[in-house]
Amino acid sequence: MVKLRGSLPAEAENNGLAPMGMELVDDTRVTVFAVIQLEVVKVVRDLDKGVAYPTVAVTRIEACRDEESTQSVVRLLDSLSGARLQRAPSLFPPGAYASTALDDDAIADWLTGDADEAGS
C-alpha cells in the first residue's frame, strides 16, 4: 500500500495545475492528464506484520495543455500499465483523447460497447 499526501506544491514553478484552477471549476467533467514527480515523505513500519507503508507527496506536477502532450502521456500511460500488468491494455478508444478535454460520453460508449452504434 502506498499513501498519497493530499496537497500540491505551493510554489508556482512546481504546480502546473494552478493556472488551470478556473478552467477546472468551469468544467468539472474534464479529464486532465498530467506528469507528476513524487517523493517519499514518510515510512510507517508495522513491526507485527513485518511490512512498511510509504507516504508520497507530489513535489512537481505539470498538466497536459495541448493535444500533442495529452496523446503522448496517454500512450506512455498505456505502455507503462501494459508492462506492469504484462499485457497490452487500451485505456481509451482510438481518438477519445484527440483533445485535452476527453469526451466522457464517447469513453462511456466505448466501455459499454456502444461505440460502434454511436458512430465512434
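Structure: above.
Because the structure is predicted, anything quoted here is derived from the model rather than measured. (Residues numbered from 1 in each chain as written. Predicted model: local features only at pLDDT ≥ 70, side-chain atom pairs only at ≥ 80, totals over all residues. Heavy atoms only, no water.)

## Focus: the environment of Val74
Here is the rule we go by: Each helix is a run of DSSP H or I of at least 4 residues and each strand a run of E of at least 2, with the numbering of both proceeding from the N terminus.
With respect to the helices and strands, Val74 occurs in helix α2 (residues 67-85). The sequence separation of Val74 and Phe33 amounts to 41 residues, and the corresponding C-alpha distance is 7.6 Å.

## Considering the pattern of salt bridges
The criterion, for reference: Here a salt bridge means any side-chain nitrogen of Lys or Arg lying within 4 Å of a carboxyl oxygen belonging to Asp or Glu. Each residue is placed in one exposure class: buried if its accessible area under a 1.4 Å probe, protein chains only, is under 20% of its type's maximum, exposed if it is over 50%, and partly exposed if it falls in between.
For the coordinates displayed, the defined rule picks out one salt bridge. In this structure, Arg65 engages Glu23 in a salt bridge whose closest nitrogen and oxygen atoms are separated by 2.9 Å. Of this pair, Arg65 sits in the loop between β3 (51-63) and α2 while Glu23 sits in helix α1 (residues 21-26), and the two are 42 residues apart along the sequence. Here Glu23 falls in the partly exposed class, since its relative accessible area comes to 40%.

## Quick look at the sheet that holds strand β2 (residues 34-46)
The following threshold applies: We treat two strands as partners when DSSP finds at least two bridges between them.
With mixed pairing, three strands are arranged side by side in an open sheet as β1-β3-β2. Each having just a single partner strand, β1 (3-4) and β2 make up the two edges of the open sheet. Taken together, the two bridges between β1 and β3 define a ladder with parallel strand orientation. Its bridge partner being in β3, Leu4 is matched across the sheet by Val56.

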